[in-house]
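# Examining the three-dimensional arrangement
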Amino acid sequence: MNYIGTPTSRVDGHAKVTGQAKYAGDVNVPGLVFGAVVASTIAKGRIKKIDVGAAHNVKGVLDILTHENRPALPGNDKAWKDDVAPEEGSPFRPLYDDKILFNEQPVAFVLAEDWEIARYAASLVRIEYAAEKHATDLLAARDKAFIVKKPEKPRGDAAKAFAGADVRHEAEYFIPTEHHNPMELFASTVIPEKDGKLTVYDKTQGVQNVQRYLCSVFGKKPDEIRVMSQFMGGGFGSGLRPQYQVALAVMGALALKRPVRLVLTRQQMYGLGFRPASLERLQLGAKRDGALDAITHEAIAVTSTFEQFSRNDIGWGDLLYKSPNAKFAHKLVGLDVPTSSDMRAPGAATGVYALESAMDELAVALKIDPVELRLRCYSDKDQNENLPYTSKNLRGCYEQGAKAFGWEKRNPEPRSMRDGSELVGSGMATGVWEALQMPAAARIVLGANGHAEVSCATSDIGTGTYTIMAQVAADALGLPVENISIKLGDSTLPNCPVEGGSWIAASVSHAIIAVAEEVRAELLGSAQKAKSSPLAGAKPGDVQLSNGRLVDKKDAGRAISIADAMREGGIDRIEKTKAHKFDDVKGYVHNTHSAVFAEVKVDEELGIIRVTRVVNAVAAGRILNPKTAGSQIMGGVVWGVGMALHEETAYDHKFGRIMNANIAEYHVPVNADIHDIKVIFVEEPDEHINRLGMKGVGEIGIVGVAAAIANAVYHATGVRVRDLPITLDKLRR
Ligand code: MOS
């Protein structure tokens, strides 16, 4: 293999940096109509009256859609459920009725000849509301939390074991609501074609999910709507479900029979899903030697009043640490906000922050080094399932991460290390995520000239999917990577699930390998049509494609070029499409792991925190592309810095409204906040998970980072902050 495992630059990089890559809001067609959304300014209640008169009078306004004049929309929940909608609840339907379910909810949609006109007219729409009492504060509503229907098997008697433990740690941790802030705003351009069909350019992580959703909502046949999303300026989970702008843009295009573009404003992006605020209670009980007796992890997270979104915050301790007694509970509070949603490593980013903060506090109480404590509790099994791992080299992560970081130089005493006026601290945490893989299909068209087009309906949300597809195809077809062109992000291409859950790299790679085998078999058949074929009698399993030739694996002298093989059979191309399904990985669980080490420097007088160094050692099986995979982990670390120190959606609960719905006041790390980040991929051979022995890396990079930083801040200052983000004021209490 020439490309798998080799650092390879993005094959789509040139198109992106030269501006040739077209995003959903970039598509231009003659007669384009521009949309603008009017969003609610209350969190709960009803629309009493909408006055669109002044807006209609603006020259260039074509139409204004509201719940009063919108086209017919289905009334049943099922029609609105996309592939990844929560099981419980009733999905949001834009412009459906007069009910206000959350602040910033779309209540009117202005269509105009120009974008500026649409926005100006939108500002003239007058709405009278009948407001009702709302709730947007998790902490104030925690008593209303209800258990999510999910089996959480307890082990032993955690309460009793905790009460009788030699050393106990109990605390509550809080992670505020965080919003996705992808560079690209949510956008859709909908083009009615001459035959009445719709072509929809949408910002999404799943073109086929959006396609099915739109067909269902608008009563269209599958071939009447085509959804395209060839490039995406950041998803992070915000684009897994169809967002309301795509439904509005379709409504507009159907109403006017003209192409419509709708781009949300940055403020309106805060009216979409988000990482739910969560309150996490941990109880850890241990013997003096550090052996855990009891883990209790309870979480309360935010959802909307109309859907129940939840992810696994609480079960990660079962994967990481041996404990004979354990108890878990996940609860939700329904607030007057949009339904919460997936955001990079949903559940783990928050739950593991709480778990790994608690483990650090336990290590302090036990006077055991934090790495040593984790090694003493190390679990080779998922205790919930009582199953081993397909592979788990977390030990290698601890060892190599600690070595690269220089952990042995650490004085465990808080406030014991300084650098001039700054206190220096170091902390560590474990990370864990799932290694999932899904059925997916791929198509290869191989030409006699040795060029191949490889396609699949997957997205590339910026993770490098184009590139790893090209690498895998190049190796499977024995061609230079330059000879491979990739097509993706089009709902008419072979089936693929949404790009999320870190599952696309494994899913699509194995689909490509499977279809490449069929291409090879057909090429062999074509070659063998010759009277005296050099490969006469060979079976498909006996040959491989290498350097543009079909070669006998045992006798390299028996070979034929792709061009000659096709000529013998009288063909000039081979086209194959294949749906691939993984064999069940029976008897094993499959996860990725990491060990994160962080150094902080804290200005002693001002409390300003700088994360000066991070080492993230990751075990994720075989790494397809160390360059793009390394970028994924680095991006996860940067986001972890944001989670630890900067990010917080700030509500004014009196109005149920977000106060910092912009990227000036919603803080994310900028270049000046980011210093030395080192990514290590530890060796992790995996013979069980799949043929390539690979796992996805899109999400593991963020898990554990916030805890490592919080633990480092404690080590530097002696102050334990248990509510994120750790802002300088909190170090003063
Ligand atoms: Mo990811 S949160 O599964 O896009």
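Okay, so let's go over this structure. In this text, all values refer to a predicted model and were calculated from it rather than measured experimentally.

## Re the environment of Pro 71
Along the polypeptide, Pro 71 turns up in the loop between strand S3 (61-66) and helix H3 (77-80). When the C-alpha atoms of Pro 71 and Tyr 96 are compared, they prove to be 9.6 Å apart, with 25 residues separating the residues in sequence.

## Observations concerning the layout of surface pockets
The calculated volume of the second largest pocket comes to roughly 510 Å³. The set of elements that each furnish at least two residues to the lining of the second largest pocket consists of helix H14 (465-477), helix H15 (504-527) and strand S23 (543-546). In terms of residue class, the lining of the second largest pocket is built from 13 nonpolar, 5 polar and 5 charged.

## Some details on the environment of Gly 164
Relative to the helices and strands, Gly 164 resides in the loop between helix H6 (158-163) and strand S8 (167-175). Given a relative accessible area of 59%, Gly 164 falls into the exposed group. A C-alpha to C-alpha distance of 9.2 Å links Gly 164 and Ala 286, two positions 122 residues apart in sequence.

## Structural notes on the pattern of salt bridges
In this structure the tally under the stated criterion is 41 salt bridges. For the salt bridge of Lys 203 with Glu 184, the shortest nitrogen-to-oxygen distance reads 3.7 Å. In this pair, Lys 203 is assigned in the loop between strand S10 (198-202) and helix H7 (207-218) and Glu 184 in the loop between S8 and strand S9 (187-192), connecting sequence segments 19 residues apart. As far as the burial class goes, Lys 203 and Glu 184 line up, both buried. The salt bridge partner of Glu 517 is Arg 691, with a shortest N-O separation of 2.7 Å.

## Some details on empty space enclosed by the protein
In total, this model carries 5 cavities of 30 Å³ or more according to the counting rule given. What the largest cavity holds in volume is close to 350 Å³. Lining the largest cavity are 26 residues, and of these Phe 92, Arg 241, Pro 242, Gln 243 and Glu 307 lie nearest its centre. Of the residues in the lining of the largest cavity, the class split is 14 nonpolar, 8 polar and 4 charged. What the second largest cavity holds in volume is close to 110 Å³. Taken together, 15 residues make up the lining of the second largest cavity; nearest its centre are Pro 276, Phe 309, Arg 311, Asp 313 and Gly 347. For the lining of the second largest cavity, the elements supplying multiple residues, two or more each, are strand S14 (292-304) and strand S15 (325-335). In terms of residue class, the lining of the second largest cavity is built from 6 nonpolar, 6 polar and 3 charged.

## Brief notes about the sheet that holds strand S21 (residues 452-455)
The strand order across the open sheet built from 4 strands is S22-S21-S20-S26, with neighbouring strands paired in mixed fashion. Single-partner strands in this sheet number two, and they are strand S22 (484-487) and strand S26 (573-580). In this sheet, adjacent strand axes meet at a mean angle of 15° when their direction is disregarded. Across the sheet, helix H16 (residues 562-569) lies against strand S20 (440-447) and S26, angled at about 85° from S20, the strand it touches most.

## Section: the pairing of strand S28 (residues 609-619)
The buried count for S28 comes to 9 of 11 residues, which makes it a mostly enclosed element. With 10 bridges connecting them, strand S27 (residues 591-603) and S28 associate as antiparallel partners. Its bridge partner lying in S28, Glu 599 is registered against Arg 613. Remark: 5 residues form the turn of the hairpin made by S27 and S28, two consecutive strands paired antiparallel; Gly 607 in that turn has positive phi of roughly 80°. Note that S28 and strand S31 (residues 676-681) share 6 bridges and pair parallel. For Val 615, the partnering residue across the bridge sits in S31 and is Lys 678.

## Regarding helix H18 (residues 705-717)
Between its first and last C-alpha, H18 extends 18 Å over 13 residues, near the 18 Å set by a 1.5 Å rise per residue. When you tally the buried positions in H18, you get 13 out of 13 residues, the bulk of the element. The first or second residue beyond H18 is Gly 718, which carries a positive phi of 80°.

## A few points about the environment of Ser 278
Locating Ser 278 in the fold gives a position in strand S13 (residues 278-286). Look past the residues within four positions of Ser 278 in its chain and what remains in contact with it is Leu 138, Tyr 173, Phe 174, Ile 175, Ile 300, Ala 301, Asp 313 and Thr 350. Only 2.8 Å separates the side chain of Ser 278 from the side chain of Glu 280, close enough to count as a polar contact.

## Examining the packing of aromatic side chains
A complete count under the given rule lists 14 aromatic pairs for this structure. Measuring from centroid to centroid gives 6.0 Å for Tyr 23 and Phe 231, while their planes differ by 45°, and the two rings are tilted. Linking Tyr 23 in the loop between helix H1 (13-17) and strand S1 (33-39) with Phe 231 in the loop between strand S11 (225-228) and helix H8 (244-256), this pair joins segments that are 208 residues apart in sequence. With a centroid separation of 6.1 Å and an interplanar angle of 85°, the aromatic rings of Tyr 173 and Tyr 353 are classed as edge-to-face. Here Tyr 353 lies in helix H11 (residues 348-366) and Tyr 173 lies in strand S8, a separation of 180 residues in the sequence. Ring pairs connect the aromatic residues Tyr 23, Phe 231 and Tyr 466, which therefore count as one cluster. The ring of Phe 186 has Lys 203 sitting right over it, with the charged end atom 5.0 Å from the ring centre. The ring centre of Tyr 378 lies 3.9 Å from the NZ or CZ of Arg 395, which sits over that ring.

## Examining the packing of H11 against H18
Where H11 contacts H18, the two axes come as close as 8 Å, and the packing angle between them is 35°. Between H11 and H18 lies a crossing whose hand is right-handed. Facing H11, whose interface residues are Val 352, Tyr 353, Glu 356, Ser 357, Asp 360 and Val 364, H18 presents Ala 706, Ala 707, Ala 710, Asn 711 and Tyr 714.

## With respect to helix H4 (residues 115-124)
The periodicity of an α-helix, 3.6 residues per turn, causes residues three or four places apart in sequence to face the same way. Every buried residue of H4 is accounted for by Ala 118, Ala 121, Ala 122 and Leu 124. Taken down its axis, H4 places every buried residue within 155° of arc, on the same side.

## Observations regarding the nonpolar core
A general trend in soluble globular proteins is that nonpolar side chains are found buried together. One finds Phe 109, Val 200, Leu 214, Ile 444, Leu 477, Ile 484 and Ile 512 to be the most contacted residues of the largest nonpolar core, which totals 110 residues. With 12 residues, the top contributor of residues to this core is H15. Setting aside anything within four residues of it in sequence, one finds Ile 484 in contact with Ala 452, Val 454, Ala 470, Ala 473, Ala 474, Leu 477 and Leu 479.

## Topic: the state of the cysteines
For the structure shown, the criterion picks out 0 disulfides. With no disulfide partner, Cys 215 has as its closest neighbouring cysteine sulfur the one in Cys 496, 18 Å distant. In this structure Cys 496 is a free cysteine whose sulfur lies 3.8 Å from that of Cys 456, the closest cysteine sulfur available. Judged by relative accessible area, which is 7%, Cys 496 ranks as buried.

Rules of the game
Residues numbered from 1 in each chain as written. Predicted model: local features only at pLDDT ≥ 70, side-chain atom pairs only at ≥ 80, totals over all residues. Heavy atoms only, no water. Helix = DSSP H or I, 4+ residues; strand = E, 2+ residues; numbered from the N terminus. 1 Å grid on protein atoms, 1.4 Å probe; cavity = no way out; pocket = protein on both sides within 12 Å on 5 of 7 lines; lining within 4 Å. Points joined across faces, edges and corners; volume = space filled by probe spheres on them. Nonpolar A, V, L, I, M, F, W, Y, C, P; charged D, E, K, R; others polar. Buried < 20%, exposed > 50% of the residue type's maximum accessible area, 1.4 Å probe, protein only. Salt bridge = Lys/Arg side-chain N within 4 Å of Asp/Glu carboxyl O. Pairing = 2+ DSSP bridges. Axes fitted to C-alpha atoms, helices over the stretch in contact; angles between N-to-C directions. Contact = heavy atoms within 4.5 Å. Expected span 1.5 Å × (residues − 1). Polar contact = N/O pair within 3.5 Å; in protein donor to acceptor, adjacent residues only side chain to side chain. Phe/Tyr/Trp six-rings, centres within 6.5 Å; stacked < 30°, edge-to-face > 60°. Lys NZ or Arg CZ within 6 Å of the ring centre and 35° of its normal. Left-handed = near helix turned anticlockwise from the far one by under 90°. Arc of directions from axis to C-beta. Core = buried A, V, L, I, M, F, W, Y, C linked by side-chain atoms within 4.5 Å. Disulfide = S-S within 2.5 Å.

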